[in-house]
Amino acid sequence: MIYSSVKELDNLVEAMPDELKDSYNRIKRMAAVLTTEAEPQVGQTPKEVIWTKNKTKLYRYQTAVKKTNKVPILMIYALINKPYILDLTPGNSLIEHLTNQGHDVYLLDWGTPGYEDRHMKLDDYIMDYMPRAVKKVLQTSNAKEITLFGYCMGGTMTSIFAALNPHLPIRNLVFMTSPVDFSDTGLYGNFLDKRHFNLNKLVDTLGNVPYDLIDTGNKLLNPIANIYGPYVSLADRADNEEFVENWKLMQKWLNDGIPFPGEAYRQWIGEFYQDNKLINDELFIRGHKVELSKITANLLNIAGSRDNIASPQQVEPLNDKVSSINKTFHLLETGHVSVVVGRKAINETYPLIDTWLTKNSN
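Residues numbered from 1 in each chain as written. Predicted model: local features only at pLDDT ≥ 70, side-chain atom pairs only at ≥ 80, totals over all residues. Heavy atoms only, no water.

What exactly am I supposed to notice about the layout of surface pockets here?
If you roll a probe as big as a water molecule over the atoms, it shows you where there is empty space left. Here the second largest pocket is characterised by a volume of approximately 300 Å³. Those elements that provide at least two residues to the lining of the second largest pocket are strand E2 (56–61) and strand E4 (105–109). In terms of residue class, the lining of the second largest pocket is made up of 12 nonpolar, four polar and six charged. (1 Å grid on protein atoms, 1.4 Å probe; cavity = no way out; pocket = protein on both sides within 12 Å on 5 of 7 lines; lining within 4 Å. Points joined across faces, edges and corners; volume = space filled by probe spheres on them. Helix = DSSP H or I, 4+ residues; strand = E, 2+ residues; numbered from the N terminus. Nonpolar A, V, L, I, M, F, W, Y, C, P; charged D, E, K, R; others polar.)

Right, here's the structure in full:
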């Protein structure tokens, strides 16, 4: 049946039983969210660019709160997705929380690689970019020591950097869902088994690896929940404004991925997922052997019990490898993303990191 006017349709809806009317209104709101409503604003904590190299930018975050913690924090993110998950929205932002607690926070944003960056290796980021960023943070903050914070793959890269640079004044290391042991990677191990997955042909053909390809692999870990689940949840809870706004924020970030530089991807899959070189002291970065035992900084290592991207058994072994006297492994009842955004993160992750850093930075 086709209704001649919106008013006629509205009159029909008003005559519906309440349960049917509620269902109609949820579907109507869901349609608006998916088709006409503007994308939410993200990454709103004030910041300034203090250094650049190629596509990479180093940010320093501003705050009206006096900086009371003398050891600055440099955050290192992964080479895929965008790092504003650490500063998603006011009230749901780890960076905002830390700056409001008096920490001097910096973020290394790798930027979006172009085809011309397909030959970039992990060596380049770890040996050329990270040392300069650390130097700039120390100069800008006028500090004698630094805290390095790594999330996901960014933490894995940071552990390599710290192991290769024991002479640098790294006082604290904070890792959040950062894998170091790839002996058991769950379904990833099946997907990426070198007997079936032709890594070299993929990279040689594509150059940079498209985000959609990696995102599809992540979703296939739990396809029904990851592909259809978000939309079922939206249809069921579209009358909850807080839920809708958080849903829009998460979907924006999840669909805002970036390509993975080809040669770095070849290393990441081949030397980590397929050969598990890091934990076994077999990894070489630009000719230098990586030995995690050379890490002596204070260590806070966080894993999520429901994380199927970097499971606890991939994260926890770092504590047994490092030589740090002050080292803590903390398991939170979260997933890979909910460890940093959402109520659980706000109530548990943020205070945990702030308290530990404050204790170990003064």
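In this structure, what is going on with empty space enclosed by the protein? I would like to understand it.
As enumerated under the stated definition, the model contains one cavity of 30 Å³ or more in all. Of the volumes computed, that of the largest cavity is approximately 90 Å³. A per-class count over the lining of the largest cavity returns eight nonpolar, four polar and three charged.

What should I look at first to understand the environment of Asn92 in this one?
If you trace the backbone, Asn92 turns up in the loop between strand E3 (73–76) and helix H3 (94–100). Separated by 102 residues in sequence, Asn92 and Lys194 have C-alpha atoms that sit 40 Å apart. Not counting residues within four places of it along the chain, the set of residues in contact with Asn92 comprises Asn246, Val341, Gly342, Ile346 and Tyr350. One polar contact links the side chain of Asn92 to the main-chain amide nitrogen of Gly342, over a distance of 3.0 Å. (Contact = heavy atoms within 4.5 Å. Polar contact = N/O pair within 3.5 Å; in protein donor to acceptor, adjacent residues only side chain to side chain.)

How should I be thinking about the environment of Ile73 in this particular structure?
Position of Ile73 relative to the elements: it lies in strand E3. Judged by its relative accessible area of 1%, Ile73 is buried. Distance from Ile73 to Gly304, taken between C-alpha atoms, is 22 Å for residues 231 residues apart in sequence. If near-sequence neighbours (up to four positions away) are discounted, Ile73 is found in contact with Leu98, His103, Asp104, Val105, Tyr106, Thr147, Phe149 and Leu357. (Buried < 20%, exposed > 50% of the residue type's maximum accessible area, 1.4 Å probe, protein only.)

Where do I start with helix H4 (residues 122–141) in this structure?
An α-helical segment advances 3.6 residues per turn. Residues three or four places apart therefore align on the same side. For H4, spanning 20 residues, the distance from its first C-alpha to its last is 27 Å, which sits close to the expected 28 Å at 1.5 Å a residue. Of all bends in H4, the biggest is about 30 degrees, found at Tyr129, and the proline Pro131 comes one to four residues later. Every buried residue of H4 is listed here: Leu122, Asp123, Asp124, Tyr125, Ile126, Tyr129, Met130, Ala133, Val134, Val137, Leu138 and Ser141. Count one or two residues on from H4 and you reach Asn142, which has phi positive near 55 degrees. (Expected span 1.5 Å × (residues − 1). Bend = angle between axes of the 7 residues up to and from the residue.)

What is the right way to look at the nonpolar core in this model?
One recurring pattern in soluble globular proteins: nonpolar side chains tend to sit buried together. Core analysis: the largest hydrophobic core is formed by 99 residues, its most contacted members being Leu74, Ile85 and Leu86. Ranked by residues supplied to this core, first place goes to H4 with nine residues. Dropping the residues within four chain positions of it, Leu86 is found in contact with Met75, Tyr77, Ser93, Leu94, Ile95, Leu107, Phe149, Tyr151, Met176 and Val340. Counting seven residues, the second-largest nonpolar core is a separate cluster that includes Val33, Leu234, Ala238 and Trp247. (Core = buried A, V, L, I, M, F, W, Y, C linked by side-chain atoms within 4.5 Å.)

I keep staring at helix H7 (residues 199–206) and nothing clicks. Help me out?
Residues of H7 that are buried include every one of Leu199, Leu202 and Val203, and no others. Along H7, the residues classed as buried sweep out an arc of 90 degrees about the axis, all on the same side. Looking at H7, the residues exposed on the side facing more than 90 degrees away from the buried face are Lys201, Asp204 and Thr205. Looking at the buried residues of H7, the elements they touch are helix H8 (211–219) and helix H11 (262–274). (Arc of directions from axis to C-beta.)

Is there a simple way to explain the pairing of strand E6 (residues 170–176) in this structure?
Side-chain direction in a regular strand flips from residue to residue, so the side chains alternate between the two faces of the sheet. Of all seven residues that make up E6, six are buried, and the element is covered over most of its length. In the sheet, strand E5 (residues 146–151) pairs with E6 via six bridges, with the strands oriented parallel. Residue pairing across strands places Leu148 opposite Leu173, the latter belonging to E6. Handedness of the β-α-β unit built from E5, helix H5 (residues 153–164) and E6 comes out right-handed. Both E6 and strand E9 (residues 298–304) contribute to a ladder of five bridges, which runs parallel. (Pairing = 2+ DSSP bridges. Right-handed = clockwise from strand over helix to strand, strands pointing away.)

Honestly, the packing of aromatic side chains in this entry has me stumped. Any pointers?
Here a ring pair, both rings aromatic, is described through the centre-centre distance and the interplanar angle of the planes. Per the stated rule, a full pass over the model turns up 12 aromatic pairs. Seen from their ring centres, Tyr77 and Tyr151 are 5.7 Å apart, and the 50 degrees between their planes marks the pair as tilted. Within this pair, whereas Tyr77 is found in the loop between E3 and H3, its partner Tyr151 is found in strand E5, the two being separated by 74 residues in sequence. In this pair, the class of Tyr77 matches that of Tyr151, namely buried. Taking the centre distance of 5.8 Å and the plane angle of 80 degrees together, the rings of Trp268 and Tyr273 count as edge-to-face. The buried category is assigned to Trp268, whose relative accessible area is 9%. By relative accessible area, Tyr273 is classed as buried at 14%. Within the aromatic cluster, the residues linked to one another by ring pairs are Phe182, Tyr188, Trp268, Phe272 and Tyr273. Sitting above the plane of the Tyr59 ring, Lys47 keeps its charged end 5.1 Å from the centroid. Across the ring face of Tyr129, the terminal group of Lys53 is positioned such that the distance to the ring centre comes to 5.1 Å. (Phe/Tyr/Trp six-rings, centres within 6.5 Å; stacked < 30°, edge-to-face > 60°. Lys NZ or Arg CZ within 6 Å of the ring centre and 35° of its normal.)

So what exactly am I meant to see when it comes to the sheet that holds E4 here?
Sheet strands line up and pair through hydrogen bonds in the backbone, either parallel or antiparallel. If you walk across this open sheet you meet the eight strands as E1-E2-E4-E3-E5-E6-E9-E10, and the pairing is mixed. Each end of this open sheet is capped by a strand with a single partner; those strands are strand E1 (47–53) and strand E10 (327–332). Averaged over all pairs of adjacent strands, the angle between their axes in this sheet comes to 20 degrees, without regard to strand direction. Strand contacts of H5: E3, E5 and E6, with the helix running at about 140 degrees to E5, the strand carrying the most contacts. (Axes fitted to C-alpha atoms, helices over the stretch in contact; angles between N-to-C directions.)

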